[in-house]
Amino acid sequence: MTSKDTYNLDHLSELEAESIYVIREVAAQFDRPAILFSGGKDSIVVTHLAAKAFAPAKIPMPLVHIDTGHNFPETLEFRDNLVDRLGANLIVGLVQKTIDQGKVREETGHNASRNKLQTTTLIDTIEENKFDACIGGARRDEEKTRAKERFFSHRDDFSQWDPKNQRPELWNLFNGKHAPDEHFRVFPLNNWTELDVWNYILKEGIALPSLYYSHQRECIRRDGQILAYSEYLNLKEDETPEMMQVRFRTLGDLTITGAFESDADTVEKIIDEVAATRITERGGRMDDKRSSSAMEDRKKAGYF
């Protein structure tokens, strides 16, 4: 083993130890914590870390998935298999239920998405279950708004986030005190990069949904992006589905999650691809392109 290999392993071990420390702090400080599980690689890594943090016991908090109703079938199948394997408790919040209750209105038009609607479903799920801390897989390097986050991100009694009112975290001392009906979003992967995540997945042999690997899929091209063709997509007159060799760097609602043309069908090839790319991980997310402050606006309203 070369010195470079040793450094990489040490680096990942330090990140792992930091994240496990954060997860254990959540269990120690809060009464009703949960893990926000999207089925994407980051939430899968967080779940893997939680399993290591509390082994040989089971994860002592539920996984919470907000189902838009427009998810990739592969994501849902992977979620259910993972929950069965871990013996974890799964709580699913349904955006369709929120629509049926008249709390939100379905978007219309070619760029219609349920991504924004899931904020209301998430807040309702948190309130119904009285969660006082929700662990997520967000990282600071994903997007400029994410970079403003602390490990412990305070939310008020309306689940709103104030980026100007963050609590200091000197020497990794976390202040989880909160008033009734307030809660925290907690991000154990804050100091990880996308490349760190993929190297850790390789090191730990973590299974992922097949969507992350190169595969043949019917897609369309729209505004410089590649979107997976599905019954939920409102096609324009000039859009025709075509078979492409693609993979996904991030997973979300089918209608806004962009694919990338790629032949990377192994973790090793993906690591090489990520190391060489200059496009951000969320560069293929249509919802982030609605305005320059799209992510921050959603976060202030209670988004992940």
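Residues numbered from 1 in each chain as written. Predicted model: local features only at pLDDT ≥ 70, side-chain atom pairs only at ≥ 80, totals over all residues. Heavy atoms only, no water.

S.K.: Sorry if this is basic, but what is going on with the nonpolar core here?
M.R.: Grouped burial of nonpolar side chains is what soluble globular proteins tend to show. V45, F152 and W198 are the most contacted members of the largest nonpolar core, which has 56 residues in total. At 7 residues, the largest contribution of residues to this core is made by helix α2 (residues 41–54). Both domains that furnish three or more residues to this core are identified here as domain 1 (3–196 + 293–300) and domain 2 (208–288). One finds I91, V95, I99 and L117 within the second-largest nonpolar core, a separate group that totals 13 residues. (Core = buried A, V, L, I, M, F, W, Y, C linked by side-chain atoms within 4.5 Å. Buried < 20%, exposed > 50% of the residue type's maximum accessible area, 1.4 Å probe, protein only. Helix = DSSP H or I, 4+ residues; strand = E, 2+ residues; numbered from the N terminus. Domains from an automatic or database assignment.)

S.K.: How should I be thinking about the packing of helix α6 (residues 194–204) against helix α7 (residues 267–276) in this particular structure?
M.R.: Helix-helix packing is characterised by the crossing angle of the two axes and by the distance between the axes. Their axes nearest at 10 Å, the elements α6 and α7 cross at an angle of 165°. Classified by the angle between their axes, α6 and α7 sit roughly antiparallel to one another. Two packed elements cross with a definite hand, and for α6 against α7 that hand is left-handed. From α6, E194, L195, W198, N199, I201 and L202 reach across to α7, where they touch V267, E268, I270, I271, V274 and A275. Of the residues that constitute the contact of α6 with α7, the class distribution is 9 nonpolar, 1 polar and 2 charged. (Axes fitted to C-alpha atoms, helices over the stretch in contact; angles between N-to-C directions. Parallel < 35°, antiparallel > 145°, perpendicular 65-115°, else oblique. Left-handed = near helix turned anticlockwise from the far one by under 90°. Contact = heavy atoms within 4.5 Å. Nonpolar A, V, L, I, M, F, W, Y, C, P; charged D, E, K, R; others polar.)

S.K.: Got a minute to help me understand the packing of aromatic side chains in this structure?
M.R.: Aromatic ring pairs: the centre-centre distance and the angle between the two ring planes describe each pair. For the structure shown, the criterion picks out 9 aromatic pairs. Relative to F184, the ring of F30 has its centre 5.7 Å away and its plane inclined at 55°; by these criteria the two rings are tilted. In this pair, F30 is assigned in the loop between α1 (3–29) and β1 (33–36) and F184 in strand β6 (residues 183–186), connecting sequence segments 154 residues apart. Summarising the burial analysis for this pair, F30 and F184 share the class buried. Chaining the aromatic ring pairs together yields one cluster made of Y21, F30, F151, F152, F174 and F184. (Phe/Tyr/Trp six-rings, centres within 6.5 Å; stacked < 30°, edge-to-face > 60°.)

S.K.: Can you help me understand the pattern of salt bridges in this one?
M.R.: Charged atoms that come close allow side chains of opposite charge to pair. For the structure on display, the rule yields 17 salt bridges. Between K41 and D42 there is a salt bridge, and its shortest N-O distance comes to 3.7 Å. Of the residues examined, K41 reaches a relative accessible area of 1% and is grouped as buried. We classify D42 as buried; its relative accessible area is 10%. R79 is paired through a salt bridge with D80; the nearest N and O atoms lie 3.0 Å apart. If you follow the salt bridges from partner to partner, you end up with E16, K52, K203 and E204 in one network. (Salt bridge = Lys/Arg side-chain N within 4 Å of Asp/Glu carboxyl O.)

S.K.: When you look at the sheet that holds strand β2 (residues 63–67) in this model, what are you seeing that I'm missing?
M.R.: Strands belonging to one sheet form pairs held by backbone hydrogen bonds; the direction of such a pair is parallel or antiparallel. Reading across the sheet, the 6 strands line up as β3-β2-β1-β4-β6-β5 and stay open at both edges, with mixed pairing between neighbours. The sheet is open, and its two borders are formed by β3 (90–94) and β5 (152–155), each paired with just one other strand. Sheet twist, expressed as the average angle between the axes of neighbouring strands with direction ignored, equals 30°. By the bridge criterion, 3 bridges tie β1 to strand β4 (residues 133–135) in an arrangement that is parallel. Residue pairing across strands places P33 opposite A133, the latter belonging to β4. Most of the contacts of α2 go to β1, to which it runs at about 140°, and overall it touches β1, β2 and β4. (Pairing = 2+ DSSP bridges.)

S.K.: Just checking my understanding: could you explain unusual backbone geometry for this structure?
M.R.: Negative phi is the rule for most residues except glycine; trans is the rule for most peptide bonds. Residue P56 follows A55 across a cis peptide bond; omega there is 5°. Among the structural elements, P56 can be located in the loop between α2 and β2. At D181, a residue that is not glycine, the phi angle is positive and equals roughly 75°. For D181, the position within the fold is in the loop between β5 and β6.

S.K.: What should I look at first to understand the sheet that holds strand β9 (residues 242–247) in this one?
M.R.: If you trace the 4 strands once around the closed barrel, you get β7-β8-β10-β9, paired in antiparallel fashion. Between one strand and the next, the sheet's axes are offset by a mean angle of 70°, whatever the strand orientation. Both β9 and strand β10 (residues 258–261) contribute to a ladder of 2 bridges, which runs antiparallel. Each residue of the ladder has a partner; that of R247, found in β10, is F260.

S.K.: Which parts of the structure should I look at to understand helix α3 (residues 73–86)?
M.R.: Residue pairs three or four apart in sequence face the same way in an α-helix, which turns once every 3.6 residues. The first and last C-alpha atoms of α3 sit 20 Å apart over 14 residues, in line with the 20 Å expected at 1.5 Å per residue. Turning to α3, the residues buried within the fold contact α2, β2 and β3. With its phi angle positive at about 65°, G87 sits one or two positions after the end of α3. (Expected span 1.5 Å × (residues − 1).)

S.K.: Looking at this model, I keep getting lost on a nonpolar patch on the surface. Mind explaining?
M.R.: A cluster of nonpolar side chains, contributed by L170, W171 and L173, occupies part of the molecular surface with about 430 Å² of accessible area. Checked against the element boundaries, W171 lands in the loop between β5 and β6. (Patch = residues over 30% accessible without salt bridge, like charges linked within 9 Å, V, L, I, M, F, W, Y side chains within 5 Å. Areas by Shrake-Rupley, 256 points an atom, 1.4 Å probe, with all protein chains shown as cover.)

S.K.: Hey, could you run me through the environment of D272 in this one?
M.R.: Residue placement: D272 occurs in helix α7. Using a relative accessible area of 57% as the deciding quantity, one classes D272 as exposed. In this structure, the C-alpha to C-alpha distance between D272 and L195, residues 77 residues apart in sequence, is 9.2 Å.

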